[in-house]
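Structural description and commentary
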Amino acid sequence: MDLSFRRRGLAALFAGLLAGISATAAFAQEKVLRIGMTAADIPRTLGQPDQGFEGNRFTGIPMFDALTHWDLSKADAASVLIPGLATEWAADANDRTKWVFRLRPGVRFHDGSPFNAAAVVWNVQKVLDQAAGHFDASQVGVTASRMPTLRSAHVIDDLTVELTTSEPDSFLPINLTNLFMVSPTHWNALLAAVPADVTDPRQRSARAWTAFAANPSGTGPFRGVRLVPRERFEMVANRDYWDPARRPKVDRVVLLPIPEANARTAALLGNQVDWIEAPAPDALPAIRQRGFTLYTNPQPHVWPWQFSFVEGSPWRDLRVRQAANLCINREELRELLGGLMGVPKGTVAPGHPWWGNPTFDIRYDLTTARRLMTEAGFAANRRLTVKVLTSASGSGQMQPVAMNEWLQQALRECFFDVQLEVIEWNALFTNWREGASHANARGAHATNVTYAAMDPFFAMVRFVTRGANPPNSNNWGFFNTDEMETLVRTARTTFEGAARDAALAALHKRIVEEAPFLWVAHDVGPRAMSPRVTGVVQPRSWFIDIATMDLR
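A quick note: this is a predicted structure, and the numbers were derived from the prediction, not measured.

The subject of this paragraph is the packing of aromatic side chains. Throughout the structure, instances matching the rule amount to 24 aromatic pairs. Between Tyr241 and Trp242, the aromatic rings sit 5.1 Å apart at their centres with planes inclined by 45°, giving tilted as the arrangement. Residue classification places Tyr241 among the buried positions, given a relative accessible area of 1%. Three or more aromatic residues link up through ring pairs in this structure, and these residues are Trp425, Phe429, Trp432, Tyr451, Phe463, Phe517 and Trp519. When the ring centre of Trp542 is taken as origin, the NZ or CZ atom of Arg57, which lies over that ring, is 4.2 Å away.

What follows is the structure in structure tokens.
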């Protein structure tokens, strides 16, 4: 690739996005970390981000805290659950639908108001209680679908709150990493500032949330100060953050949406940004030769096709699903991506506590794949047409167009004719919750939305239960069997660690054998950074902690 030519040719794609970078001269004495995201827009800044988990990574975790956090401090061990705004929690031994959370004392929101149990209740209501004046339907899809059994919260005392679930659910503390706490006091002040001639309560609430997005208040290590939609978002350090280990070392973070991989790479090589997600694979030699650092680490993150099981879908035939999984040479794809992927055997790897030793071995076996397709009634002169939705960029999507075009060619060897429809990432992500039967699925037989797999709900449960069918969660293809319901119920209601792992292993075993996905790759989270950026820990997680980083 001629990078100088590419840089000139792509300049128009991101010149507008980067035009404001020279403004950093105005705060030249500050340490300013500039990040090129894969998203096409700034993830929402009102407390519950969109744009998939890229939103959580860049406008969630830096500005807001949840009751529970992921430990992002280690590169050589799995990321595990740790206390966040809650210091401890436990389910009631006599009623497993009730949980008591003890809250961290002395925490304040960016506006100076105290964090307490009343704030937790208010934040639960914002996405679950339609009768609440501050309920925001726009935040429900990216939140409630990630904690589907949570029903209510009530104050026990100022630093103790009780959460209630619809059924016993041992996964709740993990799910709560996705419920970010925002300031009720700040929101109410913004509501009071809505003009009096706006009398409809829902309109007034919507106006307050819009104002909150432009001027957010959380408890996190950074505070949002400037939002220019589709162009940039700026955060500054919260020097009073409650955790001394995560008090920021940089003064300001600037987020820039640069969805095209070559444009991101050119921005990095041109020193217009300090950090990019998912660099262009063919530019890796130049990135290394120019002294930039490439960070990778195996992640619990899957790059799949998720199959539709609605009436008329060709993926309802197990032989077809297994054939697709056997038809592709993932090592060849890894070479195409410059080595920046892991080869999957399922959602989790052999040796993982949830592996379960499936009888179906995901591998490259062209002979068996063709035999299965022949048994299903297909051949070189009777091909199977399947339509797949994907995006041009997005959170965890790696290099979606190049990878899907490679799949399109690889699957031809097994009598598939793949039709690709590329849509905007957020539209694809929204349809993930709308489902395969929705008009926005455009008649697709599969969708290509990558998913984090760091916990039981995200890895498995949301794809195989009726309760996770759209619009509740992400069972896009309506993959429903009584067996899966039983396996999930057993795991969800098992509160002892080893026994729960055994139940989850049984679940994973059957998921792999039923093959509701085409498992294509595991992400390794490639991000390229300027050597100026120090203190980087690339954890075995889809997330990363900006707060501990510094600039030379």
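In this structure the tally under the stated criterion is 32 salt bridges. In this structure, Asp361 engages Lys345 in a salt bridge whose closest nitrogen and oxygen atoms are separated by 2.7 Å. Of this pair, Asp361 sits in the loop between helix 10 (330-336) and helix 11 (366-375) while Lys345 sits in the loop between helix 10 and helix 11, and the two are 16 residues apart along the sequence. For Asp361, a relative accessible area of 33% gives the class partly exposed. On the accessibility criterion, Lys345 (30% relative accessible area) is partly exposed.

Remark: helix 15 (residues 482-492) packs on helix 16 (residues 497-514), axes separated minimally by 8 Å, with the N-to-C direction vectors making an angle of 155°. Classified by the angle between their axes, helix 15 and helix 16 sit roughly antiparallel to one another. Crossing geometry of helix 15 relative to helix 16 is assigned as left-handed. In this structure, helix 15 uses Glu483, Met484, Leu487, Val488, Thr490 and Ala491 to contact helix 16, whose residues at the interface are Arg500, Ala503, Leu504, Ala506, Leu507, Arg510, Ile511 and Glu514. Residues of the contact of helix 15 with helix 16, tallied by class, amount to 9 nonpolar, 1 polar and 4 charged.

Further remarks concern unusual backbone geometry. Of the consecutive residues Pro470 and Pro471, the connecting peptide bond is found in the cis state with omega at 5°. Here Pro471 lies in the loop between helix 14 (456-459) and helix 15. If you check the backbone angles, Asn271 has positive phi at about 60° while not being a glycine. Examined against the element boundaries, Asn271 turns out to sit in the loop between helix 7 (261-269) and strand 11 (275-277). Given a relative accessible area of 48%, Asn271 falls into the partly exposed group. Here Phe478, not a glycine, exhibits a phi torsion of approximately 60°, which is positive. Counting through the fold element by element, Phe478 comes out in the loop between helix 14 and helix 15. Residue class for Phe478 comes out partly exposed when judged on its relative accessible area of 22%.

The share of residues in the protein with pLDDT of 70 or more is 95%, and the mean pLDDT across the chain is 94. Of the regions scoring below 50 in pLDDT, residues 1-13 engages in 16 contacts with residues more than four places distant in sequence or in other chains.

Let us now look at the sheet that holds strand 5 (residues 98-103). Spatially, the 4 strands line up as an open sheet ordered 4-5-7-6, and their pairing is antiparallel. Every other strand in the sheet has two partners, leaving strand 4 (86-91) and strand 6 (150-157) as the edge strands with one partner each. Across the sheet, the axes of successive neighbouring strands diverge by a mean angle of 20°, strand direction being ignored. Here strand 5 runs beside strand 7 (residues 160-165); their pairing, made up of 5 bridges, is antiparallel. Along strand 7, the bridge assignment pairs Arg102 with Thr160. Contacts from helix 3 (residues 117-128) reach strand 5, strand 6 and strand 7 within the one sheet, and its direction differs from that of strand 6 by about 165°.

The next subject is the environment of Tyr241. If you trace the backbone, Tyr241 turns up in the loop between strand 9 (232-237) and strand 10 (252-257). For Tyr241, the residues in contact, after removing those within four places along its chain, are Asp65, His69, Thr219, Gly220, Pro221, Arg246 and Arg247. Within the structure, Tyr241 has its side chain in polar contact with the side chain of Asp65 (distance 2.9 Å).

So, on to helix 15. Here helix 15 has its buried residues at Met484, Glu485, Leu487, Val488, Ala491 and Arg492. When helix 15 is viewed along its axis, its buried side chains cluster within an angular range of 170° and face the same direction. Along its buried surface, helix 15 packs onto helix 14 and helix 16.

Attention now moves to the nonpolar core. Counting 119 residues, the largest nonpolar core has Trp305 and Phe416 as the members making the most contacts within it. In terms of nonpolar packing, the next biggest core, distinct from the first, is built from 25 residues, Ala86, Val107, Ala153 and Leu163 among them.

If you add up the space inside the largest pocket, you get close to 830 Å³. Lining the largest pocket we find 34 residues, and of these Ala78, Pro300, His352, Ala453 and Met454 sit closest to its centre. Contributions of two or more residues to the lining of the largest pocket are made by helix 4 (172-175) and helix 16. At 4 residues, helix 16 tops the list of elements feeding residues into the lining of the largest pocket. Counted as a void, the second largest pocket has a volume near 630 Å³. Lining the second largest pocket are 32 residues, and of these Ala144, Ser145, Pro148, Gly467 and Asn472 lie nearest its centre. For the lining of the second largest pocket, a count of residues per class yields 14 nonpolar, 10 polar and 8 charged.

Reading the values: rules and limits
Residues numbered from 1 in each chain as written. Predicted model: local features only at pLDDT ≥ 70, side-chain atom pairs only at ≥ 80, totals over all residues. Heavy atoms only, no water. Phe/Tyr/Trp six-rings, centres within 6.5 Å; stacked < 30°, edge-to-face > 60°. Buried < 20%, exposed > 50% of the residue type's maximum accessible area, 1.4 Å probe, protein only. Lys NZ or Arg CZ within 6 Å of the ring centre and 35° of its normal. Salt bridge = Lys/Arg side-chain N within 4 Å of Asp/Glu carboxyl O. Helix = DSSP H or I, 4+ residues; strand = E, 2+ residues; numbered from the N terminus. Axes fitted to C-alpha atoms, helices over the stretch in contact; angles between N-to-C directions. Parallel < 35°, antiparallel > 145°, perpendicular 65-115°, else oblique. Left-handed = near helix turned anticlockwise from the far one by under 90°. Contact = heavy atoms within 4.5 Å. Nonpolar A, V, L, I, M, F, W, Y, C, P; charged D, E, K, R; others polar. pLDDT = per-residue confidence, 0-100. Pairing = 2+ DSSP bridges. Polar contact = N/O pair within 3.5 Å; in protein donor to acceptor, adjacent residues only side chain to side chain. Arc of directions from axis to C-beta. Core = buried A, V, L, I, M, F, W, Y, C linked by side-chain atoms within 4.5 Å. 1 Å grid on protein atoms, 1.4 Å probe; cavity = no way out; pocket = protein on both sides within 12 Å on 5 of 7 lines; lining within 4 Å. Points joined across faces, edges and corners; volume = space filled by probe spheres on them.

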